[in-house]
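Letter by letter, the chains look like this.
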Amino acid sequence: MNTQRVDVKLVLLGREYSGKTSLVERFVFDRFSCTPYQSTIGNAFVAKRMEAKGKNLTLGIWDTAGSERYEAMTRIYYRGAQAAVVCFDLTENTSFQRAKFWVNELLNCEEHCRVYLCATKADLVGDKMARKVDLHDMHDYAEEMKAQLFETSSKTGQNVHELFQKIADDCAEKLVFTDQTPRGVNITKDAKREMARCCVK
Ligand SMILES: Nc1nc2c(ncn2[C@@H]2O[C@H](COP(=O)(O)OP(=O)(O)OP(=O)(O)O)[C@@H](O)[C@H]2O)c(=O)[nH]1
């Protein structure tokens, strides 16, 4: 049974194929897989220890499934998140529209969650014709939503570490640690509580 504690709960949201799993893989394992695409089923969890603002903290990362089939389940995973990375694929405008859906949902349901927009697959838009999300539109939207925006490439690693470090730094400022024990989230307990909440609805 997983009883690991995390200090910051971070959730990744976005349309299927928008690059969420690849982003986590690049950040946590420093690798990019060229094997055929496999959609995430349900969700995946990974923890990463980091240093931020002079504090050691554990980032708990929930990578959710982008398929609309799993939308209800995805809602379980963003509950109580301190931060969310909403991903969209620069080569696909529908994924930008889907990102707006998740941002609205977070603003309405998780008022304390910091939202970061992540425009993925930057390595593919060197050729301007390949870019399907207008540069000004996405910057205007980020400004309007008061969300930080990062253009990343999991293939080259561009901006990936910077994104997660920024999240850790922002969250570290708010974290309260006692002498030895950080006040974190017990994954097992919290997951059970969420499941119970979900079942009684
Ligand atoms: N060139 C390039 N391809 C990428 C990048 N990120 C992801 N991909 C590719 O895009 C496809 C989808 O990536 P995933 O990371 O599986 O997407 P996902 O959002 O986790 O998808 P779901 O699990 O269905 O929600 C895969 O074939 C990846 O190899 C990137 O930065 N550059």
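Residues numbered from 1 in each chain as written. Predicted model: local features only at pLDDT ≥ 70, side-chain atom pairs only at ≥ 80, totals over all residues.

- The name an unreviewed UniProt entry assigns to the chain is Ras-related protein Rab-24, from the organism Eptatretus burgeri.
- For the chain, the Catalytic activity (unreviewed entry) comment in UniProt is given as "GTP + H2O = GDP + phosphate + H(+)".
- The Sequence similarities (unreviewed entry) comment attached to the chain in UniProt states, word for word, "Belongs to the small GTPase superfamily. Rab family." (UniProt positions renumbered as here; feature names shortened; annotations may be inferred.)

### Digging into the overall build of the chain
- Counting secondary structure elements, the chain contains six helices and eight strands.
- Looking at the chain as a whole, 34% of its 201 residues qualify as buried.
- In the chain, of all internal contacts separated by at least 6 residues, the share reaching a separation of at least 24 is 75%. (Helix = DSSP H or I, 4+ residues; strand = E, 2+ residues; numbered from the N terminus. Buried ≥ 20, exposed ≤ 12 C-beta atoms within 10 Å, placed from the backbone. Contact = placed C-beta atoms within 7 Å.)

### Some details on the sheet that holds strand β2 (residues 8-14)
- Taking strand neighbours across the sheet as the criterion, the six strands line up as β3-β4-β2-β5-β6-β7 in an open arrangement whose pairing is mixed. Taken across any chain shown, the strands that pair with only one partner, and hence form the sheet edges, are β3 (43-52) and β7 (148-151). Each neighbouring strand pair of the sheet contributes to a mean axis angle of 25°, computed without reference to strand direction.
- The pairing of strand β6 (residues 114-120) with β7 spans four bridges and is classified as parallel. Following the sheet pairing, Y116 is matched in β7 by Q148.
- Each of β2, β3, β4 (55-64), β5 (83-89), β6 and β7 is contacted by helix α5 (residues 160-172), which is oriented at about 70° to β3, the strand it contacts most. (Pairing = 2+ DSSP bridges. Axes fitted to C-alpha atoms, helices over the stretch in contact; angles between N-to-C directions.)

### Quick notes on the site of the ligand
- Close to the ligand lie 21 residues, the nearest being E16, T21, S22, T40 and G66.
- Top element by residues in the shell around the ligand is helix α1 (residues 20-29). It accounts for three residues. (Near = placed C-beta within 6 Å.)

### What to know about the nonpolar core
- Of all hydrophobic cores here, the largest spans 43 residues; its most connected members are A84, V86, Y116 and C118.
- Beyond its immediate chain neighbours, meaning those up to four positions away, V86 contacts L13, G14, A99, W102, V103, V115, L117 and C118. (Core = buried A, V, L, I, M, F, W, Y, C linked by C-beta atoms within 7 Å.)

### Observations concerning the environment of E68
- Here E68 lies in the loop between β4 and α2 (71-78).
- For E68, a count of 12 C-beta atoms within 10 Å puts it in the exposed group.

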